[in-house]
Amino acid sequence: MAEKTESASAAAISAPAPSAEPTRLWGDEVEDPSKRSWGDEVGEANASTTQLDLNVEGLTIDDESTIKAVTRSDTPYTSASTFEDLNLSPELLKGLYVDMKFQKPSKIQAISLPMILTPPYKNLVAQAHNGSGKTTCFVLGMLSRVDPNLKAPQALCICPTRELAIQNLEVLREMGKHTGITSECAVPMDIPIRKRPPVMAQIIIGTPGTIKKWMPSKKLGLSFVKILVFDEADHMLAEYGFKDDSLSIMTDIERSSAHCQVLLFSATFNETVRNFVTRVVKDYNQLFVKKEELSLESVKQYKVLCPDELAKVMVIKDRIFELGENLGQTIIFVRTRYSAGILHRSLAEFGYEVTTIMGAQKQEDRDKIVKEFKDGLTQVLISTDLLARGFDQQQVNLVINYDLPVKHDTPTEPDYEVYLHRIGRAGRFGRKGAVFNLLLGDMDKMRMEKIERHFGTQVAEVPSWNSDEDFKGALKAAGLL
DNA sequence: AAAAAAG
C-alpha cells in the first residue's frame, strides 16, 4: 500500500494576489495519484500525528510547508489542480472565475475540496494558515452539495461573530451568484421569531444562539440538511458559551436528517481542542499544520518595549499614524472594551481619526464601522478580539497589539491561538505585513518570549520606541516601505 | 477590569 511520496511543491499555501504572478500550487505537482504515498508517515515523531486512530492512514502532502492529510484508507482522493477537476456546475465556475477572479485552487482548496465533494462525503477537520482560503473551501462545498431544485435548508454554517457570519454570507452570495441558490443570515435581529416566516433558504449562515433559537420554534427545518460547517471550529466547539450551543445544534441535526457531513475549519486547533473535537466528530478526514509552521512568512513580527502607558499611545500617534498613513489600513487590537475606549479617546484628543469596534456597541453601529473600514473610508480601526478571527480585509498590512492576548484563567500566560489569529489579519493571501507588539514591563516580555518559543519564531525588537528611523527600518524590512 | 453569542 505504502508508496513513497513525490515531493510536492513547496510553494506558499496562499494563493497569489490576482495581479501577482501565479505561484505553483500543491495541486500542480500531483498529476498521478498513484505516485502518492499512503500510510507510512503515521506514527513518526510528529506531534500532529500522534492522536490518530489506528485504522487511519496518513499521507504527507508536502515536504516543506506541510499540510498533513490523514484520510481513511478506503477513500482515495486526487488533489484538484484546477477548479474544473471538481465537477462544479458551470454556474459555479462562472462565479469563481468571473466574479471572484480566482485562477486556481490554493493549496488547502486543492486538498480539501475533493475530500468534501467526493462521496461518501466524509466529515473533515481542516486546519490551514490564516488567509489561505479556508472560506472558499466550505462555501464552495456548501454551494456544490446543495440541490438547487430542493427549496429547503440543506446547508448550515455556524460562526463565532455576527461580523464573520455576514462576511461569509457575502462571499457565498458573490460566488454563488449564478447558481440561483438561496441563502440567509441567521444573526440577532429585531423581529420576534413568531413574526418571521419559516426559513426557505437553502443555505443558512449564522451565529449559534440565533440558529439554536430558530430550531425548536420550527422556523428552521432540519430534515434536508446534509452539510454542517463550523467556521473557527476550535473556538466554536471548545469555548465556554459556544460549546453547548454548537454541540446541541450538531446533535439536533444528526437526529433529524439522514446523513449530514460535518466540516470543521480553523487556523488553530490546539492539542486539547483537537482531542476533544475529533471525539465529537466521527469518521473524519483531517488536515493539519504544525504550530511551528503556522506563522506567516510574509508577515514580520516586532516587539516594542514601552516604558509606560503613554509611550504606547505615542507610538500609535507618532509612528503608526504618521508612517502607516500610506501603507494601507491598520487594526489595533486591545484586550478589553475599557482600554478600547481609553485609547480611542486619547487618540481623538490628539485630533486623529479613528474608529472602534466592540461587542458593547449596537449592532447597526458595528455594521457601519465594519462597512466604513471595508470601503476604505477609515484607515485605523481599534478592535477588541471581536475581529481577531476571520476578518478579511486585504488592505490591512499593519496589526498593532496594544496589549498581548492572555489566557483568562492564567493571565500570566499568553493566549497563543488569539495571538496567531490577530496577526493573521495582516498578510491576507500572501501579502506583506507587519505586526508591532507594544510591551509594557517584565510580564509582557515574558509573555512575548513564550509566544516566540511556542511558535518557534523570532520576533525582532524595535530598538527604541520613540525613534522614527527604527520604525522606518522595521517597515522596510517587512517590505512595506 | 475578558471577549464573543444570547437570554
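Everything here concerns the structure above.
Being a predicted model, the structure only gives us computed values, none of them experimental. (Residues numbered from 1 in each chain as written. Chains lettered and ligands numbered in written order. Predicted model: local features only at pLDDT ≥ 70, side-chain atom pairs only at ≥ 80, totals over all residues. Heavy atoms only, no water.)

A. Just the protein's contact with DNA strand B, in detail. Taken together, the neighbourhood of DNA strand B is formed by 22 residues, with P188, T210, K213, G359 and H408 sitting nearest. Here DNA strand B approaches the protein such that, of its atoms within 4 Å, sugar and phosphate make up 58%. At a separation of 2.5 Å, a phosphate oxygen of DNA strand B approaches a polar side-chain atom of R337. A distance of 2.8 Å separates a base nitrogen of DNA strand B from a polar side-chain atom of H408. Broken down by secondary-structure element, the contributors of at least two residues to the surface near DNA strand B are helix 6 (208-214) and helix 11 (337-349). (Near = heavy atom within 4 Å. Polar contact = N/O pair within 3.5 Å; in protein donor to acceptor, adjacent residues only side chain to side chain. Helix = DSSP H or I, 4+ residues; strand = E, 2+ residues; numbered from the N terminus.)

B. Seen up close, the packing of aromatic side chains. Here the structure, examined in full by the defined rule, presents eight aromatic pairs. Centroid distance F83 to F102: 6.4 Å. Interplanar angle 20°. Geometry classified as stacked. A residue pair is termed long-range when its members are at least 10 positions apart, and F83 in the loop between strand 2 (68-72) and helix 2 (90-99) and F102 in the loop between helix 2 and helix 3 (107-117) qualify at 19 residues. We classify F83 as buried; its relative accessible area is 0%. Taken together, a centroid distance of 5.2 Å and an interplanar angle of 40° make the contact between F436 and F471 tilted. Within this pair, whereas F436 is found in strand 15 (residues 433-439), its partner F471 is found in helix 15 (residues 468-477), the two being separated by 35 residues in sequence. For the pair formed by F436 and F471, the shared burial category is buried. Taken together through their ring pairs, the aromatic side chains of F83, Y97 and F102 make up a single cluster. In this structure, R196 is placed above the aromatic ring of W214, and the distance from its NZ or CZ to the ring centre is 4.2 Å. K243 extends its terminal NZ or CZ atom over the ring of F276, reaching a point 4.4 Å from the ring centre. (Phe/Tyr/Trp six-rings, centres within 6.5 Å; stacked < 30°, edge-to-face > 60°. Buried < 20%, exposed > 50% of the residue type's maximum accessible area, 1.4 Å probe, protein only. Lys NZ or Arg CZ within 6 Å of the ring centre and 35° of its normal.)

C. Here's a closer look at the sheet that holds strand 15. As summarised here, the arrangement of the seven strands in space is 12-13-11-14-15-10-16, forming an open sheet in which the pairing is parallel. Because the sheet does not close on itself, it has two edges, and the strands there are strand 12 (355-357) and strand 16 (460-462). The mean angle between the axes of side-by-side strands here comes to 25°, regardless of whether they run parallel or antiparallel. Where strand 10 (residues 299-305) and strand 15 come together, seven bridges link them in parallel fashion. (Pairing = 2+ DSSP bridges. Axes fitted to C-alpha atoms, helices over the stretch in contact; angles between N-to-C directions.)

D. Spotlight on the environment of L140. When you line up the elements, L140 lands in helix 4 (residues 134-145). The exposure class assigned to L140 is buried, which follows from its relative accessible area of 0%. Taking the C-alpha atoms as reference points, L140 and S295, 155 residues apart in sequence, are found 26 Å from one another. Setting aside anything within four residues of it in sequence, one finds L140 in contact with F83, L88, L92, L96, L113 and M175. (Contact = heavy atoms within 4.5 Å.)

E. Local environment of the nonpolar core. Counting 76 residues, the largest nonpolar core has L88, M142, I203, I205 and L287 as the members making the most contacts within it. Those residues within four positions of I203 in sequence are excluded, and the remaining contacts are M142, L143, V146, A155, L172, I181, T182, S183 and E184. (Core = buried A, V, L, I, M, F, W, Y, C linked by side-chain atoms within 4.5 Å.)

F. Quick peek at the packing of helix 13 (residues 416-423) against helix 14 (residues 441-455). At a minimum axis distance of 11 Å, the contact between helix 13 and helix 14 shows a crossing angle of 80°. Between helix 13 and helix 14, the angle is such that the two are roughly perpendicular. Facing Y416, Y419 and L420 of helix 13, the residues of helix 14 in contact are M448, K450, I451, H454 and F455. Split into classes, the residues belonging to the contact of helix 13 with helix 14 amount to six nonpolar, one polar and one charged. (Parallel < 35°, antiparallel > 145°, perpendicular 65-115°, else oblique. Nonpolar A, V, L, I, M, F, W, Y, C, P; charged D, E, K, R; others polar.)

G. Summary view of helix 4. Relative to the 16 Å expected for 12 residues at 1.5 Å per residue, helix 4 spans 17 Å between its end C-alpha atoms, a close match to the ideal helical length. Of all 12 residues making up helix 4, 10 are buried, and the element is well covered by its neighbours. Within helix 4, the full set of buried residues consists of K134, T136, C137, F138, V139, L140, G141, M142, L143 and R145. (Expected span 1.5 Å × (residues − 1).)

H. Molecular detail of the pattern of salt bridges. Within the structure shown, the criterion is met by 22 salt bridges. E469 is paired through a salt bridge with K472; the nearest N and O atoms lie 3.9 Å apart. Taken together, the residues span about one helical turn, with E469 and K472 both in helix 15 at a distance of three residues. (Salt bridge = Lys/Arg side-chain N within 4 Å of Asp/Glu carboxyl O.)

I. Quick look at the side chain of Q329. Here Q329 shows up in strand 11 (residues 329-333). For Q329, a relative accessible area of 3% translates into the label buried. For Q329, the side chain forms a polar contact with the main-chain oxygen of T378, separated by 2.8 Å. Setting aside anything within four residues of it in sequence, one finds Q329 in contact with F373, G376, T378, Q379, Q393, Q395, V396, N397 and L398.

J. Highlighting the environment of E364. By the secondary structure assignment, E364 is in helix 12 (residues 363-374). In this structure, the C-alpha to C-alpha distance between E364 and F288, residues 76 residues apart in sequence, is 37 Å.

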